[in-house]
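Next come the chains, spelled out residue by residue.
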Amino acid sequence: MSQQFDVIVIGGGPGGYIAAIRAAQLGFKVACIDEWKNAAGGPAPGGTCTNVGCIPSKALLQSSEHFEHANLHFADHGINVGSVKLDLGKMVGRKDAVVKQNNDGILYLFKKNKVTFFHGRGSFVKAVDGGYEIAVKGAKDDTLIGKQVIVATGSNARALPGAAFDEENILSNDGALRLGAVPKKLGLIGSGVIGLEMGSVWRRLGAEVTILEGLPTFLGAVDEQIAKEAKKAFDKQGLKIELGVKVGEIKSAKKGVSIAYTNAKGEAQTLEVDKLIVSIGRVPNTIGLNAEGVGLQLDERGAVVVDGDCKTNLPGVWAIGDVVRGPMLAHKAEEEGVAVAERIAGQHGHVNFNTIPWVIYTSPEIAWVGETEQQLKARGAAYKAGTFPFLANGRARALGDTTGMVKFLADAATDEILGVHIVGPMASELISEAVVAMEFKASSEDIARICHAHPSLSEATKEAALAVDKRTLNF
Ligand SMILES: Cc1cc2nc3c(=O)[nH]c(=O)nc-3n(C[C@H](O)[C@H](O)[C@H](O)COP(=O)(O)OP(=O)(O)OC[C@H]3O[C@@H](n4cnc5c(N)ncnc54)[C@H](O)[C@@H]3O)c2cc1C
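Residues numbered from 1 in each chain as written. Predicted model: local features only at pLDDT ≥ 70, side-chain atom pairs only at ≥ 80, totals over all residues. Heavy atoms only, no water.

Undergrad: Is there a simple way to explain the overall build of the protein in this structure?
TA: Of regular secondary structure, the protein possesses 14 helices and 21 strands. Here the C-alpha radius of gyration of the protein, 24 Å, is about what a compact globule of 475 residues would show, namely 23 Å. Each principal axis of the C-alpha atoms in the protein carries an extent, and together these give about 70 × 60 × 45 Å. When burial is assessed residue by residue, the protein has 52% of its 475 residues classed as buried. The contacts in the protein between residues at least 6 apart in sequence include a share of 62% that link residues at least 24 apart. On the protein, roughly 21,900 Å² of surface is accessible, and the fraction owed to carbon and sulfur atoms is 53%. Within the protein, one finds 51 positive and 54 negative side-chain charges whose respective centroids are separated by 3 Å. (Helix = DSSP H or I, 4+ residues; strand = E, 2+ residues; numbered from the N terminus. Rg over C-alpha atoms; globule rule 2.2 N^0.38 Å. Buried < 20%, exposed > 50% of the residue type's maximum accessible area, 1.4 Å probe, protein only. Contact = heavy atoms within 4.5 Å. Areas by Shrake-Rupley, 256 points an atom, 1.4 Å probe, with all protein chains shown as cover. Lys, Arg positive; Asp, Glu negative; His and termini not counted. Charge placed at Lys NZ, Arg CZ, Asp CG, Glu CD.)

Written out as structure tokens, the structure is:
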């Protein structure tokens, strides 16, 4: 006998579990199916984000930053710790514990919100009167009927042709987050967000890191001035980044990996490393969903095709998060999850793609929202820019981290904020003010006139807003 639900969510990542909770809050009878297994084979909801993405990477970034501070910066504060020893097993164990806290937190939230959780793989069987039949294959098999179905099956790491992930020598984000020893030499292919974050973790812990990037520009999607400032800092830290390379044959043997490539000058090179992390993007995941069986339309990348409201070509079937178009970010997936649940309830769920913040959690952190200066130039917009360096911020000096700046871009005529770009300490937290401001269509003068606590890094945000009108007070 099949169990009946108003809403069935397939995938329990940040898109899926948030959609399930919001739908339950709105009074629907909801099921969420997720197949992720922990080391013991038990349920581990939270998807890529919780298990092998956002959360574990931030745990290791924090731990490795403490290690680097203890090694290099504590002495500046008059704290002499002698020789600092790394216990990698404990560090990775702590990361695993943080992941488990998050998995357990989601299971608790399901109970609290009366979402029925199924551990296993969900797939479409067929359309039935008033909905869809969904099969669950796991430790226990089930058949469910849902009036509405939300597909939130996420994405997987993209492999390089001829260099499949073995998670021993050639690593995806998964293997990169659970190395048993610090490699002496670590290679990365791809200098995007994941490459830079993983490269930073292992460099801080002692690896000699080389990142090979195919594109000729560093962080092309980031505001050029901000990307340049970040590159300077990474160079100083010893993170070697080679741009404009063409990767050739990759050979993996017991003792390591050899990567043949052509550098930007066209010279043939070989990079020999102990481990190689490939971080060249992610592919939408619809494996085992039986999309073809019910005629769910996918595009040439394998993403589920949706309209602006996350509706698929099938009535009553929605899709959200990494498995659809748009930025592959956890908070974008969450916003789509909430919006879809509200649309199912007849409300007007909305996601503003223009105010989705982006963050790279390196040191310095990089964060931005809205348009870059190069985008404004490309569309011929009349704009004003204002920057303020952390070097002139009292709190940054007290912290001992004065790298970077805050940059505002505002419309030349109306002063509306068009973009805010930050490289420097706590950029991930500072960017929220800019997101709120842009969501409320604030002008740079609005931020310049708001009282900011002293001493705080947020004063650099206020000063950058003042700089738009060329009237900084502390620089
Ligand atoms: C190393 C790394 C670091 C990252 N850091 C950040 C960050 O700091 N900030 C940020 O915003 N984003 C970050 N991301 C991206 C973020 O993880 C994704 O954008 C986010 O997880 C997408 O959420 P989702 O719900 O769409 O899919 P996912 O999180 O991928 O979840 C999909 C879930 O569905 C399950 N599933 C798939 N098919 C089925 C099926 N047929 N039946 C049942 N279950 C199924 C999967 O097992 C998985 O649990 C990072 C990614 C990586 C790899």
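Undergrad: What should I look at first to understand the UniProt feature "domain: Pyridine nucleotide-disulphide oxidoreductase dimerisation" (unreviewed entry) in the protein in this one?
TA: In this structure's numbering, the residues bearing the UniProt feature "domain: Pyridine nucleotide-disulphide oxidoreductase dimerisation" (unreviewed entry) are residues 356-465. Between the end C-alpha atoms of residues 356-465 the distance is 20 Å, and the span holds 35% helix and 28% strand. (UniProt positions renumbered as here; feature names shortened; annotations may be inferred.)

Undergrad: Hey, could you run me through the sheet that holds strand β17 (residues 358-360) in this one?
TA: Strands pair in a sheet through their backbones, by hydrogen bonds, and they do so in one of two ways: parallel or antiparallel. Read across the open sheet, the 5 strands follow the order β17-β18-β21-β20-β19; overall the sheet is antiparallel. The sheet is open, and its two edges are formed by β17 and β19 (383-389), each paired on a single side. Neighbour-to-neighbour, the strand axes of the sheet open up by a mean angle of 10°, direction not taken into account. The pairing of β17 with strand β18 (residues 365-370) spans 3 bridges and is antiparallel. Within the sheet, the bridge partner assigned to Trp358 lies in β18 and is Trp368. (Pairing = 2+ DSSP bridges. Axes fitted to C-alpha atoms, helices over the stretch in contact; angles between N-to-C directions.)

Undergrad: Mind showing me how you'd approach the UniProt feature "binding site: FAD" (unreviewed entry) in the protein here?
TA: Look at the UniProt record and you will see "binding site: FAD" (unreviewed entry) annotated at Lys58, Gly122, Thr153, Gly154, Ser155, Asp322, Met328, Leu329, Ala330 and His331. A stretch of 274 residues holds the annotated residues, and the largest C-alpha distance among them is 29.5 Å, long enough that they do not meet in one place. Restricting the annotated residues to those that line the second largest pocket leaves Lys58. With respect to the helices, strands and loops of the structure, Gly122 is situated in strand β3 (residues 115-128). A relative accessible area of 7% places Gly122 in the buried class. If sequence neighbours within four positions are ignored, Gly122 has contacts with Ile10, Ile33, Ile134, Ala135, Gly288 and Leu289. (1 Å grid on protein atoms, 1.4 Å probe; cavity = no way out; pocket = protein on both sides within 12 Å on 5 of 7 lines; lining within 4 Å.)

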